[in-house]
Each structure stands twice: as C-alpha cells, then as structure tokens.
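An overview of the molecular structure
Each chain, written out:
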Amino acid sequence: MEGIFDKRNLIYGDSSIVFMILDPPYVIIALGDYHDGPLLDPSILPFNSDEVFFAPAYNKNQLRIALKKGLELGLPIVILSINRLFSFNTFSKLNNALHSILNSYGEQVFITTNELKSRNFPPSPNAPHYIRHLVDVVAYVRRKNGSYIIYIVKHPTMPYSKFVWRFSYGKELSLLSFVSTNPS
C-alpha cells in the first residue's frame with residue numbers, strides 16, 4: 001500500500017484498512033459518546049502490541065488533550081470516527097482542533113469517518129471541506145469478498161483510481177490497480 005497513502009489521509013467507509021497498512025508504533029484517538037457503543041472494536045486490530053497508544057475522546061476538550069499528547073509522542077496518529085463527535089453544525093470546532101496536526105505535523109495522520117448518504121458514487125465523506133482540502137489523500141474504502149476496494153478520490157500524484165487489495169486468511173495476496181473514470 002506504499003505510494004497510495006501519504007502524510008495526511010482521510011479514509012471513509014470501512015476504515016479498518018488503516019490497521020492493515022500502518023505498522024506500530026502509532027497513536028489511536030477514538031472519538032465518540034460512550035453511550036453510542038464502544039469507541040474501538042479490538043477485533044479490527046491485526047495484533048496485540050504495547051507499541052499502540054490509545055486515547056479515548058468522549059468530548060471536544062478530551063480530543064484537544066489527546067491530540068496534544070499524540071503530537072508530543074511524535075508517532076503516526078489515527079483519528080477514528082470524527083462523525084461520532086462532530087456534525088455539520090460543529091465542523092468549525094473540528095477544523096480548529098485539527099488545524100495544527102494537518103498543517104505542521106511531521107508524521108502520518110489518518111482521519112476516519114463514515115460516508116454521507118448519496119446517489120453519487122463514491123459518496124462524499126462526512127467531513128468538513130476544510131479537512132478535505134488540507135489532506136493529501138481522500139479514499140473511500142469498502143470491504144467485499146475478502147478484499148478492500150479502495151477508491152482514490154483525491155491524491156497528489158494519481159488520478160481518480162480504483163484499487164483492489166485481496167486477502168486470504170488475513171494475508172496479502174496481491175494489489176491490483178485499475179485507473180478508471182467510471183468504476184463499477
């Protein structure tokens with residue numbers, strides 16, 4: 001998956017791919033109200049590691065604290081499910097919280113969210129335009145038949161593309177790329 005993802009990434013749809021491509025050590029910041037269910041499903045992590053740092057953020061202030069601590073560690077950061085803590089009405093607060101990490105952080109950043117309901121394909125991410133503008137890569141990911149299907153919506157060097165990353169019993173078999181303007 002080298003070359004597809006860059007320093008600042010917005011992944012939407014099935015974000016579990018992040019844990020397949022990112023090697024520890026890294027920081028996971030999981031957002032959401034605990035009343036809405038668990039912040040992280042540990043079964044999506046392909047391993048147990050003492051090199052993965054986890055920070056729950058149940059509100060916007062906790063997100064700011066978690067981001068500050070993550071920045072101090074100087075490791076890649078995964079921000080899970082921004083849609084669980086921020087909505088369209090509070091996107092300006094999300095923009096303010098993520099401004100420094102998207103403008104000046106030297107390590108990789110993965111921001112995940114769900115997709116908006118849409119007739120268009122691929123649908124748009126549930127993220128502010130400001131964040132979509134600042135990230136290098138925007139990718140819509142679906143999981144189907146033991147594969148990840150990755151639609152590159154925005155990339156600094158590639159056109160709109162579709163990739164199929166196949167797995168067999170958790171092991172990578174191949175990466176097939178198809179450049180297309182009208183994916184199926």
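Note that the structure is a prediction, hence the values are computed from the model and not measured. (Residues numbered from 1 in each chain as written. Predicted model: local features only at pLDDT ≥ 70, side-chain atom pairs only at ≥ 80, totals over all residues. Heavy atoms only, no water.)

1. Topic: the nonpolar core
I29, L31, I79, L98, I101 and I111 are the most contacted members of the largest nonpolar core, which has 33 residues in total. Discounting residues that sit within four places of it in the chain, I101 has contacts with L67, L71, I77, I79 and V109. Formed by 24 residues, the second largest nonpolar core is a distinct cluster that contains F5, I11, F110 and W165. (Core = buried A, V, L, I, M, F, W, Y, C linked by side-chain atoms within 4.5 Å. Buried < 20%, exposed > 50% of the residue type's maximum accessible area, 1.4 Å probe, protein only. Contact = heavy atoms within 4.5 Å.)

2. Thoughts on the pairing of strand 7 (residues 147-154)
The two faces of a sheet get side chains in turn, since along a regular strand they alternate between them. Along strand 7, six of the eight residues are buried, which leaves the element largely enclosed by surrounding structure. Across seven bridges, the pairing between strand 6 (residues 137-144) and strand 7 is antiparallel. For V138, the partnering residue across the bridge sits in strand 7 and is K154. If you look at the hairpin formed by strand 6 and strand 7, you'll find two residues sitting between the two strands, and N145 has a positive phi there, around 50 degrees. (Helix = DSSP H or I, 4+ residues; strand = E, 2+ residues; numbered from the N terminus. Pairing = 2+ DSSP bridges.)

3. As for helix 3 (residues 91-104)
With 14 residues, helix 3 extends 20 Å from end C-alpha to end C-alpha; this agrees with the ideal 20 Å at 1.5 Å per step. What helix 3 keeps buried is the set F91, L94, N95, A97, L98, I101 and L102. Each element contacted by the buried residues of helix 3 is listed here: strand 1 (8-13), helix 2 (60-73), strand 4 (77-80), strand 5 (109-113) and helix 4 (129-134). (Expected span 1.5 Å × (residues − 1).)

4. Comments concerning the confidence of the model for the chain
The predicted model of the chain averages 85 in pLDDT, with 86% of residues at 70 or higher. Within the model, the stretch residues 169-184 combines pLDDT values under 50 with 34 contacts to residues more than four positions away or in other chains. (pLDDT = per-residue confidence, 0-100.)

5. Describing helix 2
Between the first and last C-alpha of helix 2 there are 20 Å, a value that for 14 residues agrees with the 20 Å anticipated at 1.5 Å per step. When helix 2 is considered as a whole, its buried residues turn out to be L63, A66, L67 and G70. The arc that holds the buried residues of helix 2, viewed along the axis, is 105 degrees, so those residues lie on one side. Those residues of helix 2 that are exposed and angled more than 90 degrees off the buried face are K68, K69 and E72. On its buried face, helix 2 sits against strand 2 (26-31), strand 3 (52-57), strand 4 and helix 3. At the N-terminal end of helix 2, a side-chain oxygen is found 3.1 Å from the backbone nitrogen of N61, two or three residues along, and the residue is N59. Where helix 2 terminates, the next one or two residues include G74, which has phi positive at roughly 70 degrees. (Arc of directions from axis to C-beta. Polar contact = N/O pair within 3.5 Å; in protein donor to acceptor, adjacent residues only side chain to side chain.)

6. Description of the packing of aromatic side chains
With the rule as written, the count across this model stands at eight aromatic pairs. Among the aromatic residues, those joined into a cluster by ring pairs are Y12, F121, Y140 and Y151. Here K60 stacks its cationic end above the ring of F86, 5.1 Å away from the centre of that ring. (Phe/Tyr/Trp six-rings, centres within 6.5 Å; stacked < 30°, edge-to-face > 60°. Lys NZ or Arg CZ within 6 Å of the ring centre and 35° of its normal.)

7. Some words on unusual backbone geometry
A cis amide bond links P24 to the next residue, P25, at an omega of 5 degrees. Following F121, the chain continues into P122 via a peptide bond in cis, with omega recorded as -5 degrees. Mapped onto the elements of the fold, P122 is located in the loop between strand 5 and helix 4. Of note in this structure, S81 is not a glycine but carries a positive phi near 60 degrees. Within the secondary structure layout, S81 lies in the loop between strand 4 and helix 3. With phi around 50 degrees, N145 is a residue other than glycine that occupies positive phi space. Structurally, N145 can be placed in the loop between strand 6 and strand 7. Among the residues examined, N145 registers a relative accessible area of 73% and is labelled exposed.

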